[in-house]
There are 2 protein chains.
Amino acid sequence: MAVGLKPPAQLHPVKGIRLSATHCGIKQDDTLKDLTLIEIGEGANVAAVFTRNRFCAAPVTLARQHLQQNQASAFLLINSGNANAGTGASGLDAAARSCAAVADVAQVEPSAVLPFSTGVIATPLPCEKIINAVPSMLSSLETDKWLQAAEGIMTTDTLPKAFSKQVRVDGQTVSITGIAKGSGMIKPDMATMLSFVATDAAIDAGELQVLLNQLVAKSFNSITVDGDTSTNDACVLIATGASGVSVGSDNVELIAALTEIFEHLAQSIIRDAEGATKFVVVDVENALSIEDAREVAYCIAHSPLVKTALFASDPNWGRILAAIGRARIDHLDIESVDLYLGDTCLLKNGMPDTGYTEARGQAAMADEEVNIRVNLNQGCENARIWTSDLSYDYVKINAEYRS
Amino acid sequence: MAVGLKPPAQLHPVKGIRLSATHCGIKQDDTLKDLTLIEIGEGANVAAVFTRNRFCAAPVTLARQHLQQNQASAFLLINSGNANAGTGASGLDAAARSCAAVADVAQVEPSAVLPFSTGVIATPLPCEKIINAVPSMLSSLETDKWLQAAEGIMTTDTLPKAFSKQVRVDGQTVSITGIAKGSGMIKPDMATMLSFVATDAAIDAGELQVLLNQLVAKSFNSITVDGDTSTNDACVLIATGASGVSVGSDNVELIAALTEIFEHLAQSIIRDAEGATKFVVVDVENALSIEDAREVAYCIAHSPLVKTALFASDPNWGRILAAIGRARIDHLDIESVDLYLGDTCLLKNGMPDTGYTEARGQAAMADEEVNIRVNLNQGCENARIWTSDLSYDYVKINAEYRS
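If you're wondering where the values come from, they're calculated on a predicted model, not measured in any experiment. (Residues numbered from 1 in each chain as written. Chains lettered and ligands numbered in written order. Predicted model: local features only at pLDDT ≥ 70, side-chain atom pairs only at ≥ 80, totals over all residues.)

Asker: What should I look at first to understand the overall build of chain A in this one?
Answerer: Looking only at helices and strands, chain A has eleven helices and 16 strands in total. Taken over the C-alpha trace, chain A has a radius of gyration of 22 Å; the compact-globule value for 403 residues is 22 Å, and the two agree within 12%. Counting every position in chain A, which comprises 403 residues, the buried fraction comes to 60%. Considering only intrachain contacts with a sequence separation of at least 6, the fraction spanning at least 24 residues in chain A is 81%. (Helix = DSSP H or I, 4+ residues; strand = E, 2+ residues; numbered from the N terminus. Rg over C-alpha atoms; globule rule 2.2 N^0.38 Å. Buried ≥ 20, exposed ≤ 12 C-beta atoms within 10 Å, placed from the backbone. Contact = placed C-beta atoms within 7 Å.)

Asker: Is there a simple way to explain the interface of chain B and chain A in this structure?
Answerer: Think of interface size as the accessible area that goes away when the parts come together; that is how it is often given. The interface of chain B with chain A comprises 44 residues on the first partner and 45 residues on the second. When residues of the side of chain B that touches chain A are assigned to their parent elements, the largest contribution, seven residues, is made by helix α9 (residues 318-325) of chain B. Taken together, the residues of the side of chain B that touches chain A sort by class into 22 nonpolar, 13 polar and nine charged. (Nonpolar A, V, L, I, M, F, W, Y, C, P; charged D, E, K, R; others polar.)

Asker: Looking at this structure, I do not really get the domain arrangement of chain A. What am I missing?
Answerer: All names here are of chain A. Here chain A is partitioned into domain 1 (17-271) and domain 2 (279-399). Relative to domain 2, the C-alpha centre of domain 1 lies at a distance of 33 Å. Across the contact, eleven residues belong to domain 1 and eleven residues belong to domain 2. For the side of domain 1 that touches domain 2, the secondary-structure elements that each account for two or more residues are β9 (223-224) and α6 (252-271). With four residues, α6 is the single largest residue contributor to the side of domain 1 that touches domain 2. Across the side of domain 1 that touches domain 2, the residue classes tally to four nonpolar, six polar and one charged. (Domains from an automatic or database assignment.)

Asker: Sorry, what's going on with helix α11 (residues 392-399) of chain A here?
Answerer: Two residues of an α-helix separated by three or four positions point the same way, owing to the 3.6 residues in each turn. Along α11(A), the residues that are buried comprise A:Tyr394, A:Val395, A:Asn398 and A:Ala399. With its buried residues spanning 120 degrees around the axis, α11(A) presents them on a single face. Each element contacted by the buried residues of α11(A) is listed here: α8 (304-311) and α11 (392-399) of chain B. (Arc of directions from axis to C-beta.)

Asker: Looking at this structure, I do not really get the relation of the copies chain B and chain A. What am I missing?
Answerer: Applying a rotation about an axis and a shift along it to one chain copy brings it onto the other copy. Aligned on chain A, chain B shows an RMSD of 0.0 Å; the corresponding rotation is 180 degrees and the shift along the axis is 0.0 Å. Taken together, the rotation and translation describe the operation of a two-fold axis. For chain B, the minimum C-alpha distance to the rotation axis belongs to B:Tyr392 and amounts to 2.8 Å. The overlap is high: 100% of the interface residues of chain B also sit at the interface in chain A, so the same surface is used on both sides. (Least-squares fit on C-alpha atoms with pLDDT ≥ 70 in both.)

Asker: In this structure, what is going on with the sheet that holds strand β13 (residues 344-348) of chain B? I would like to understand it.
Answerer: Within a sheet, adjacent strands bond to each other through the backbone by hydrogen bonds, running parallel or antiparallel. Residue and element names in this part refer to chain B. Spatially, β9-β16-β11-β15-β12-β13-β14 is the arrangement adopted by the seven strands of the open sheet, whose pairing is mixed. Looking at which strands have only one partner, the edges of the open sheet turn out to be β9 (223-224) and β14 (351-352). In this sheet, strand β15 (residues 369-375) lies alongside strand β12 (residues 338-341) in antiparallel orientation, the contact comprising four bridges. Of the residues in β15, the one forming a bridge with aspartate 338 is asparagine 375. (Pairing = 2+ DSSP bridges.)

Asker: Got a minute to help me understand the packing of α8(B) against α9(B) in this structure?
Answerer: The angle between the axes and the distance between the axes are what describe a pair of packed helices. Residues and elements named next belong to chain B. At their nearest, the axes of α8 and α9 sit 9 Å apart, and the two run at 155 degrees to each other. For the element pair α8 / α9, the angle class is roughly antiparallel. Here α8 runs over α9; the crossing is left-handed. Touching Leu305, Val306 and Ala309 of α8 are Arg319, Ile320 and Ala323, all from α9. (Axes fitted to C-alpha atoms, helices over the stretch in contact; angles between N-to-C directions. Parallel < 35°, antiparallel > 145°, perpendicular 65-115°, else oblique. Left-handed = near helix turned anticlockwise from the far one by under 90°.)

Asker: Can you walk me through helix α2 (residues 88-106) of chain A in this structure?
Answerer: Residue and element names in this part refer to chain A. Given a rise of 1.5 Å per residue, 19 residues ought to cover 27 Å, and the 28 Å separating the end C-alpha atoms of α2 matches this to within 8%. Those residues of α2 lying buried are Gly91, Ala94, Ala95, Ser98, Cys99, Ala101 and Val102. On an axial view of α2, the arc spanned by its buried residues comes to 145 degrees, and they lie on one face. Looking one or two residues beyond α2, the residue adopting positive phi is glutamine 107, at roughly 60 degrees. (Expected span 1.5 Å × (residues − 1).)

Asker: Explain the environment of B:Asp283 to me, please; I cannot follow it from the model alone.
Answerer: All names here are of chain B. Counting through the fold element by element, aspartate 283 comes out in strand β11 (residues 279-287). By C-beta crowding, aspartate 283 is classed as partly exposed, having 17 other C-beta atoms within 10 Å. Put simply, aspartate 283 and tryptophan 386 are 103 residues apart on the chain and 8.8 Å apart in space, counted from C-alpha to C-alpha. Ignoring anything within four residues of it in the chain, the contact list for aspartate 283 reads Asn371, Arg373, Asn382 and Arg384.

Asker: Help me understand the sheet that holds strand β6 (residues 161-169) of chain B in this model?
Answerer: Residues and elements named next belong to chain B. Pairing is mixed across the open sheet formed by five strands, whose spatial order is β3-β10-β8-β7-β6. With one partner strand each, in any of the chains shown, β3 (45-50) and β6 form the two edges of the open sheet. Neighbour to neighbour, the strand axes of the sheet diverge by 10 degrees on average, direction disregarded. Bridge count between β6 and strand β7 (residues 172-181): nine bridges; the pairing is antiparallel. When the bridges of β7 are listed, arginine 168 appears paired with threonine 173. Seen against the sheet, helix α5 (residues 205-217) touches β3 and β10 (234-239) and runs at an angle of roughly 35 degrees to β3. Along the sheet, helix α6 (residues 252-271) contacts β6, β7 and β8 (194-199); its crossing angle with β6, the most-contacted strand, is approximately 170 degrees.

Asker: So what exactly am I meant to see when it comes to the nonpolar core here?
Answerer: Soluble globular proteins: nonpolar side chains tend toward being buried together. Counting 280 residues, the largest nonpolar core has A:Ile300, A:Ile324, B:Ile300 and B:Ile324 as its most contacted members. With sequence-adjacent residues up to four places away left out, A:Ile300 is seen in contact with A:Val282, A:Val306, A:Ile320, A:Ala323, A:Ile324 and A:Ile372. (Core = buried A, V, L, I, M, F, W, Y, C linked by C-beta atoms within 7 Å.)

Asker: What should I look at first to understand the environment of B:Asn382 in this one?
Answerer: All names here are of chain B. When you line up the elements, asparagine 382 lands in strand β16 (residues 381-388). Accessibility expressed as a C-beta count within 10 Å gives 16 for asparagine 382, which makes it partly exposed. Along the primary structure asparagine 382 and alanine 293 are separated by 89 residues, whereas in three dimensions their C-alpha atoms are 5.9 Å apart. Those residues in contact with asparagine 382, other than ones at most four positions away along the chain, are Asp283, Val284, Glu285 and Ala293.

Asker: What am I meant to see in the packing of helix α8 (residues 304-311) of chain A against α11(B) here?
Answerer: It is the contact of α8(A) with α11(B), at a shortest axis distance of 8 Å, that shows an interaxial angle of 70 degrees. The orientation of α8(A) with respect to α11(B), classified from their angle, is roughly perpendicular. In contact with A:Leu305, A:Thr308 and A:Phe311 of α8(A), α11(B) contributes B:Val395, B:Asn398 and B:Ala399. Tallied by class, residues from the contact of α8(A) with α11(B) come to four nonpolar, two polar and no charged.

Asker: Sorry, what's going on with unusual backbone geometry here?
Answerer: Leave glycine aside and you will find that most residues have negative phi; peptide bonds, for their part, are mostly trans. Located in the positive-phi region is A:Asn349, a residue other than glycine, with phi close to 50 degrees. Looking at the secondary structure, you find A:Asn349 in the loop between β13 (344-348) and β14 (351-352). Residue class for A:Asn349 comes out partly exposed when judged on the 13 C-beta atoms lying within 10 Å of it. Within the chain, B:Asn377 stands out as a residue other than glycine whose phi angle is a positive 50 degrees. Summarising the element assignment, B:Asn377 is placed in the loop between β15 and β16. Judged by the 15 C-beta atoms lying within 10 Å of it, B:Asn377 falls in the partly exposed class.

Asker: Would you take a moment to explain the pairing of β15(B) for this structure?
Answerer: In the case of a regular strand, side chains alternate between the two sheet surfaces. All names here are of chain B. Covered by surrounding structure in β15 are Val370, Ile372 and Val374 only, the residues Glu369, Asn371, Arg373 and Asn375 on the alternate face being uncovered. Pairing of β11 with β15, which is carried by seven bridges, proceeds in the parallel orientation. Across the sheet, residue phenylalanine 279 finds its bridge partner in β15, namely glutamate 369.

Have a look at this one:
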């Protein structure tokens, strides 16, 4: 079902990062990986952002604690198939025991291990299965297992999501590789479902966190499938420094490469959205503020009626107009609003465009990649949101998720 | 598909009100009524609330103007099958010409005619069909055509929605009868899709508007199907005074009867929601403010993941918890939250309830009427929202709406 999403291409190893992934028994199908371990070499800096959902999962709580206690993270331990959310004190205990198992064998502090989980909410995490798998995972760490790691964090994803770039900085090569997962319960707020990106450049820790916040704002925090913010969202950016190349966070080449990777991973989640048949770019232009532009864009992107019209390839643009009209912004001058589907103008100054025909609208909706563009003609702030349509398969996938 | 919704029972005539309904040719199926006329006797007071969607329809704009120009409304003219929204200046002209046709034949001011439309957005209103039908509609007005009027305003509704009560006030009988329509694009904001309620009691005009606002807040403004606020929402309350009984808006019997009628009509819309298989009551209790309580309730009621779990009768309460957690309220103490499905406790003080079993959750979800109850244990304000589930048929109805 994925819309224009291909399997990952070449994934460059990142010096200072080793990975392993296996099936430890959380997922019922034993051909599916459900546990991933990422080793971070000494001297790396790690930045992270997490969900702002108040009911955050146990691993989110513990990962935040560990990052506060210990700047030198050595391992990321990620299980899929179980979110360890809504699991109370026993959930926190299960996450802590999983981290301790890695710490014991690897001879590091437990706080140097960051836990992540994704999958069904409100089901106890079978942490014994994780603990039993830890020794063999530690002994099978390799630098070239990014694809396996991407597979290991999948839930309802139909394809692994990973992207990689090499850039030249001061005549030397820097590698950046990232993975992500996510397909439903997607409206990240400060982070995405799960994404892990690493570079072997050296970047100052404070700068790295600022850089991550900026990258996330225009990638994972600009996508939505269903408006539902997950309890487990997390995004980690690692700079190992193992390439020996030290770069500032204002380095143009590095920022361009990181931006491309973050956007690609975020878009991959939308291309693989549950039941998606369309990849939709919503642009809101010339708003008074970025917040206004995002509010209008999200009203369109969340409207079940707009999403079902997209599924039907029906240019029923009255629904887009109704979604704009209900946006919670202080000032909306409907007589200034222009609305486009791709290059086709539907509404000019709030009035039906004289050149519009149903045939042109249908042509603009027929493609599996659709651009909805709203020009508010009020100010100079823009926002872009990526979203998907609402299909029978979205209902099927989510009605049958636990059965 | 309607959940526990029966055809209307006895509908009492309301003195001072006559109605007619016909097929004038807007709907393709000529067995379906698409035009309704309601005559309001002299001396009546009329209160109205309209959508707050900025892209409101032409009839909404014109009805507001007419009410400002003229306190003495004589007719409500309602067409279904076409919303006359997103139709620009020609839409306003079509609405004005329709009103003028009634005014000409009936010998009243055009501003004494209030227009209402519901149906497809962004399609020109064929007002000649309305104008041609006006003379025969005026000559066929009757006091006992409330059911025909309810049928005449239907769009994707599967059943007409009407409810009627008689109450004794000061030893005399007062009648109240109301009709409503609506099934999708339902998240009324200051009003519902369309509802018209009349009583033959005499009520002061100012008090009538205040009363209507109060009634709507706890009925039509407390329901949601899909979060999409329509461009055409309107609700009208008429007090004809023709019974000769004058009552204050603080009359207990009258308020109780009106409240019952408004709640019944609002619930009817949810019972008949597009594709609905469940009727869901979301209660949020003991919030710091009514706004907080409503925000949490709407986050649950709008969540596609909660709605698909309801469709599947799956007690996947992690999704409810995630919806609560993303509510935009300032203070949420997750360690105080209790969550119930019917009488079954899922979460106590933010922790899984020790007595909960999957079997008990499944039993609580099996019924076609489900109560989700959240106790925030923070303050003393409560909110109740009625909603529906998200089924294959919701997608089907809305993907095929214009085809």
